[in-house]
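Summary of structural features
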Amino acid sequence: MTREENILIVGSGGREHALAWKVAQSPRVARVYVAPGNGGTALEPGVENVDIAATDIHGLVEFAEQAGVSLTIVGPEAPLVAGIVDRFRSAGLRCFGPRQEAARLEGSKAFAKEFMAKHGIPTAAHRSFTDLDAALNYVRAIGAPVVIKADGLAAGKGVILAEDLATAEAALRDMLDEGKFGSAGSTVVVEEWLRGEETSYIALVDGEHILPLASSKDHKARDDGGRGPNTGGMGAYSPAPLVTPALEARILREVMEPTVRGLAADGLPYLGFLYAGLMVSDDGEPKVLEYNCRLGDPETQPILMRLESDLLDLIDAALDGKLRGTEARWREQVALGVVLAAGGYPGGYEKGLPIHIASEPAATDVKVFHAGTRLSDDGELLSAGGRVLCATALANDIDGARETAYATLKGVALRDGFYRTDIGRAGNETQQL
Ligand code: AMP
Ligand code: GLY
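Residues numbered from 1 in each chain as written. Chains lettered and ligands numbered in written order. Predicted model: local features only at pLDDT ≥ 70, side-chain atom pairs only at ≥ 80, totals over all residues. Heavy atoms only, no water.

1. As for the site of ligand 1
As a matter of local geometry, ligand 1 sits amid 16 residues, with E191, E192, L194, E198 and E290 nearest to it. Contact between ligand 1 and K109: an oxygen atom at 3.3 Å from a side-chain N or O atom of the residue. Relative to its unbound accessible area of 480 Å², ligand 1 is 95% covered by the protein chains. For the shell around ligand 1, the secondary structure elements donating two or more residues are β7 (146-150), β8 (159-162) and β17 (286-292). Grouping the amino acids of the shell around ligand 1 by side-chain chemistry returns seven nonpolar, two polar and seven charged. (Near = heavy atom within 4 Å. Polar contact = N/O pair within 3.5 Å; in protein donor to acceptor, adjacent residues only side chain to side chain. Areas by Shrake-Rupley, 256 points an atom, 1.4 Å probe, with all protein chains shown as cover. Helix = DSSP H or I, 4+ residues; strand = E, 2+ residues; numbered from the N terminus. Nonpolar A, V, L, I, M, F, W, Y, C, P; charged D, E, K, R; others polar.)

2. Some words on the site of ligand 2
The environment of ligand 2 is formed by D218, K220, G232, Y275, N292, R294, G296, D297, P298 and E299. R294 is positioned with one of its side-chain polar atoms (N or O) 2.9 Å from an oxygen atom of ligand 2. With respect to ligand 2, the backbone of D297 contributes an N or O atom lying 2.9 Å from a nitrogen atom. Contact with the protein chains removes 91% of the 200 Å² of surface that ligand 2 exposes when unbound.

3. Notes on helix α8 (residues 132-142)
Of all the positions in α8, only L132, A135, L136, Y138 and V139 are classed as buried. Mapping the buried residues of α8 onto a view down its axis gives an arc of 165°, with all of them on the same face. Exposed positions of α8 whose direction lies more than 90 degrees from the buried face are D133 and A141. Along its buried surface, α8 packs onto β6 (126-129), β7, α9 (165-176) and β9 (188-191). (Buried < 20%, exposed > 50% of the residue type's maximum accessible area, 1.4 Å probe, protein only. Arc of directions from axis to C-beta. Contact = heavy atoms within 4.5 Å.)

4. A short note on the side chain of S26
For S26, the location among the structural elements is in the loop between α1 (14-24) and β2 (29-36). Among the polar contacts made by the side chain of S26, one reaches the side chain of D310 at a distance of 2.6 Å. Not counting residues within four places of it along the chain, the set of residues in contact with S26 comprises R3, D310 and L312.

5. What about unusual backbone geometry?
With an omega of 20°, the peptide bond between D297 and P298 qualifies as cis. Mapped onto the secondary structure, P298 falls in the loop between β17 and α11 (300-306). In this structure, the amide linkage connecting Y345 to the following residue, P346, adopts the cis form with an omega of 5°. Secondary-structure assignment places P346 in the loop between β18 (334-341) and β19 (356-357). Despite not being glycine, D416 has its phi angle at roughly 65°, a positive value.

6. Some thoughts on the environment of G39
Along the chain, G39 falls in helix α2 (residues 39-43). Note on G39: relative accessible area 0%, which makes it buried. Linking G39 and T373, residues 334 residues apart in sequence, is a C-alpha distance of 5.0 Å.

7. Regarding the sheet that holds strand β12 (residues 217-218)
Spatially, β12-β15-β18-β23-β20 is the arrangement adopted by the five strands of the open sheet, whose pairing is antiparallel. Either end of the sheet is taken by a strand with one partner, and the two such strands are β12 and β20 (366-370). The pairing of β18 with strand β23 (residues 387-395) spans eight bridges and is classified as antiparallel. Bridge assignment links V334 to a residue of β23, and that residue is A395. In the packing of helix α13 (residues 398-410) onto the sheet, the strands contacted are β15 (235-238), β18, β20 and β23, and the crossing angle to β18 comes to about 30°. (Pairing = 2+ DSSP bridges. Axes fitted to C-alpha atoms, helices over the stretch in contact; angles between N-to-C directions.)

8. Here we look at the sheet that holds strand β3 (residues 47-49)
Taking strand neighbours across the sheet as the criterion, the five strands line up as β3-β2-β1-β4-β5 in an open arrangement whose pairing is parallel. Both outer strands of the open sheet, β3 and β5 (95-96), are each paired with one neighbouring strand and no more. Note: strand β4 (residues 69-74) against β5, two bridges, orientation parallel. In the sheet register, I73 faces β5, and the bridge partner there is F96. Against the sheet, helix α3 (residues 57-66) touches β1 (5-11), β2 and β4, its axis set at about 165° to β1. Sheet contacts for helix α12 (residues 311-319): β1, β2, β4 and β5; angle to β4, the most-contacted strand, approximately 90°.

9. Details of the packing of helix α6 (residues 100-107) against helix α7 (residues 109-118)
At a closest axis distance of 6 Å, the pairing of α6 and α7 adopts a crossing angle of 95°. The angle between α6 and α7 falls in the class roughly perpendicular. Of α7, the residues touching α6 (which contributes E101, R104, L105 and G107) are K109, F111, A112 and F115. Here the contact of α6 with α7 is composed, by residue class, of four nonpolar, one polar and three charged. (Parallel < 35°, antiparallel > 145°, perpendicular 65-115°, else oblique.)

10. Comments concerning the pattern of salt bridges
Side-chain pairing between opposite charges can occur once the charged atoms of the two side chains come close. What the rule picks out here adds up to 26 salt bridges. With its nearest N and O atoms 3.5 Å apart, the salt bridge here joins R99 to D86. Here R99, found in the loop between β5 and α6, pairs with D86, found in helix α5 (residues 84-90); they are 13 residues apart in sequence, far enough to count as distant. Using a relative accessible area of 39% as the deciding quantity, one classes R99 as partly exposed. Residue D86 is classed as partly exposed on the basis of its relative accessible area, which comes to 22%. (Salt bridge = Lys/Arg side-chain N within 4 Å of Asp/Glu carboxyl O.)

11. Some details on the packing of aromatic side chains
Across all of its chains, the model carries seven aromatic pairs by this definition. Pairing F96 with F273 gives two aromatic rings, centres 5.2 Å apart and planes at 85°, and the pair type is edge-to-face. With F96 in strand β5 and F273 in strand β16 (residues 271-280), this residue pair connects regions lying 177 residues apart in the sequence. Under the relative-accessibility criterion, F96 is labelled buried at 1%. A centroid spacing of 5.8 Å and a plane angle of 45° characterise the contact between Y406 and Y419, whose relative ring orientation is tilted. (Phe/Tyr/Trp six-rings, centres within 6.5 Å; stacked < 30°, edge-to-face > 60°.)

This is the structure we're talking about:
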């Protein structure tokens, strides 16, 4: 096969570094562009950053046309929810991800909840509100603990797990009265607090058929033991032992298949990566916490380290509606990634701090995927975000992968940087109350 395809990856996080790294390994690929990319993608062989923001859809279409890009893969939700796929398609360009209407599954929690109710997909009981008094009355009637969610995209910050009524009422006031979450909070979803263990479930979808990716789990809380505020994810591993073949069959039957069927029936056929955030109860019942219309970050980093197949072949099969009969090959090994975050994250943090990585590991069983990093004009690696990088390792068991990932992080210096020390340890993510 000749190297003739140019691929564009949209985004700048760890997920996009992992996508670029994986795609660059394909024998089909001449060049991988990442817009806007990060310090890691700038240094990756065969990969080139393009200085266009992930939400500058016009600029991205123009670039794809000029650079002869044969396929664009969209990493983050914002451009998907803003309709990037529709715009690329109207320009006659291949772009992998759901159309704007289908991306509402992530873009509007109220839409997602209505969709689930309509199609009998298990999820927490809920009601949506735009009126503060109505919301307050409802919350007072059902009492705490209760979960309050801003309807729209809020970068992982729009979910308040309220253990008492005062917290719930304050969250409702912040969203519906004070406008703290902007338009994302002008509708709120009030929902039942679910118990159990969380897992991510991610699949490729071609409009009709589902090709599950390897199972994975991330750690959303900032601190060891599942404590502290929610983050975008502090580490992840694959496979997730919780997802036994029996549970996986149930997730497919009760969640993924009805979701894909329901979207098609509603005239919104879903093409792209589909991610269900699930709470699995003690008796093994999966319920949907949220949908994402994209790959998870940092789940992608361990998942792609385990993927043997050419990702482009899988994406092509999805775009051509041929996922039925397509199989993905996975390494038997376990992959685990630990996120190094900037001091202060998920609150405010400093940017522009120098990062020193002792030596970029040469081994193929460990990789430092960059997220919030950039190269200065003179080639210095600087911090540029809250989640800075994710050291990801592959080993025969989870202990080996954890050991290598942490040993790699020991060689990374960033002032005030921090990471959880218990990624992938059993029972460390029990729901607190
Ligand atoms: P979401 O963005 O909706 O996935 O929410 C972020 C995180 O909040 C989830 O990963 C869960 O840890 C937690 N969460 C959200 N909804 C609920 C719920 N109904 N019950 C318990 N925890 C929840
Ligand atoms: N790691 C969670 C997410 O990507 O939404």
